[in-house]
Amino acid sequence: MSRAATARVYAQDTPFAREVRTGLAQEQKSIPCTWLYDRRGSELFEEITQLREYYPTRSELALLRDHLSNFGRDFGKHACVLEIGAGASRKTRLLLAALRAPYAYLSVDISEEFLYEALQELQSEFPEVRCTPLFLDFTEPSALSKIGQRLPAEGPRLGFFPGSTIGNLDPEEAGRLLSRLGSVLEEEGALMIGVDSTCDPKVLLPAYDDARGVTAAFNLNLLVRVNRELDGDFRLENFRHEARFDAEHSRVEMHLVSLLPQRVSVLGRTYLFEAGESIHTENSHKFSRAQFLQIAAKAGWSEGAIWTHPDSGFEVHVLRRLRAHPPLPIKRN
Ligand SMILES: C[S@@+](CC[C@H](N)C(=O)[O-])C[C@H]1O[C@@H](n2cnc3c(N)ncnc32)[C@H](O)[C@@H]1O
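Residues numbered from 1 in each chain as written. Predicted model: local features only at pLDDT ≥ 70, side-chain atom pairs only at ≥ 80, totals over all residues. Heavy atoms only, no water.

Examining the pairing of strand β9 (residues 262–266)
Each regular strand shows side chains that alternate between the opposite faces of the sheet. Going residue by residue along β9, you find Gln-262, Val-264 and Val-266 tucked away on one face and Arg-263 and Ser-265 left uncovered on the opposite face. In this structure, β9 lies alongside strand β10 (residues 269–273), joined through 5 bridges in antiparallel fashion. Along β10, the bridge assignment pairs Val-266 with Arg-269. (Buried < 20%, exposed > 50% of the residue type's maximum accessible area, 1.4 Å probe, protein only. Helix = DSSP H or I, 4+ residues; strand = E, 2+ residues; numbered from the N terminus. Pairing = 2+ DSSP bridges.)

Below, the structure written as structure tokens:
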């Protein structure tokens, strides 16, 4: 059997293979944004966070620098911090430095190598904190119970979910994730979460389609990944990156648009593209404060502190757990 054929056999049944196969067979072709984050994708995302056009990281870091020392003084000693979608854990450093003698840090991410490397660096900077990496898809219904088993019983629990990653989920999915997080963080737990509500296309579109083309490279890297891991034959020069603002759903969408009619093969199947047809690769929902608080309340969280950036309007919420709230029914995404 040829190497390509062997790779095909092994790749057929991975979650990545299943979701790409299903997504490319739909009328509006799509691949979930989770798969943008292989090692190269995570590196490119880090580059995006440094761009002039990408206001969310700058805004959130400024808010954390302004408010974390007061928060850390008031929050219980020996906290266990659970971060989902941690990436490079840059913001985590500010949080751990502000807390009083944090006991443990559990970092969850889908980008395996990047997660282990980022956590190794963090552990050397905070040798007294028990750092644990967990390579998991946090949208999987069973993920949060696996996370719960790894959290130490001691100390108050603090969830950390920065980067407005919650916006990658639609309102219903976001509610389910917040509900599951609530079950893991328990009654006395708190959740610090970054939420973006910007709705001005003049600000949003450059943030998701920058002048240097870093976001374009991030999006196109998905095709490189499909070619490498799923025996695909996408020709990158035949696709272009596009960011669109969908006002009705209050979200930015990323697409990879086919420049010409073409056929592409993935895992031995052929997919036809017309000129102008796209693969939808990411949603970034922009939740208003009222909408986000409503989603959070339904999922068992009550409003706590809200820190708002004066220029961009980006917000960090510190939610508190509502007592004895039943989990929202489990439904697969
Ligand atoms: C928008 S980036 C945010 C990174 C970092 N938290 C920050 O604030 O800059 C999203 C992060 O979530 C991770 N991620 C995306 N989908 C995921 C999933 N379903 N399960 C686990 N991690 C995921 C990505 O690998 C990436 O590190």
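Some words on helix α6 (residues 112–125)
Taking 1.5 Å of rise per residue, the 14 residues of α6 would be expected to cover 20 Å, and the 20 Å separating its terminal C-alpha atoms lies within 8% of that figure. Along α6, the positions that sit buried rather than exposed are Phe-114, Leu-115, Ala-118, Leu-119 and Leu-122. In a view along the axis of α6, the buried residues occupy a sector of 120°, so they form one face of it. For α6, the exposed residues lying more than 90 degrees away from the buried face are Gln-120 and Ser-124. (Expected span 1.5 Å × (residues − 1). Arc of directions from axis to C-beta.)

Brief notes about the packing of aromatic side chains
Under the definition given, this model contains 12 aromatic pairs. One cation-aromatic arrangement involves Lys-29 over Phe-273; the distance from NZ or CZ to the ring centre is 4.8 Å. (Phe/Tyr/Trp six-rings, centres within 6.5 Å; stacked < 30°, edge-to-face > 60°. Lys NZ or Arg CZ within 6 Å of the ring centre and 35° of its normal.)

Comments concerning the pattern of salt bridges
According to the stated counting rule, one finds 24 salt bridges in the structure shown. One salt bridge in this structure joins Arg-225 and Glu-229, with 3.0 Å as the shortest N-O distance. Highlighted residues: Arg-225 and Glu-229, both in helix α10 (residues 214–229), separated by 4 residues, approximately one helical turn. Across the pair Arg-244 and Glu-242 runs a salt bridge whose closest N-O atoms are separated by 2.6 Å. (Salt bridge = Lys/Arg side-chain N within 4 Å of Asp/Glu carboxyl O.)

Concerning the domain arrangement of the protein
Examined at the domain level, the protein breaks down into domain 1 (19–30 + 203–285) and domain 2 (55–198 + 287–321). Across the contact, 7 residues belong to domain 1 and 9 residues belong to domain 2. Buried area between domain 1 and domain 2, both sides added, is near 690 Å², and the carbon and sulfur share of it is 53%. Of all residues in domain 1, Val-203, Leu-204 and His-285 give up the largest surface area on contact with domain 2, accounting jointly for 63% of the area buried on that side. Summed over the shared surface of domain 1 and domain 2, the number is 0 salt bridges. Between domain 1 and domain 2 we count 3 residue pairs in polar contact (both at pLDDT 80 or more) in total. (Domains from an automatic or database assignment. Contact = heavy atoms within 4.5 Å. Buried area = accessible area lost by both parts, 1.4 Å probe. Polar contact = N/O pair within 3.5 Å; in protein donor to acceptor, adjacent residues only side chain to side chain.)

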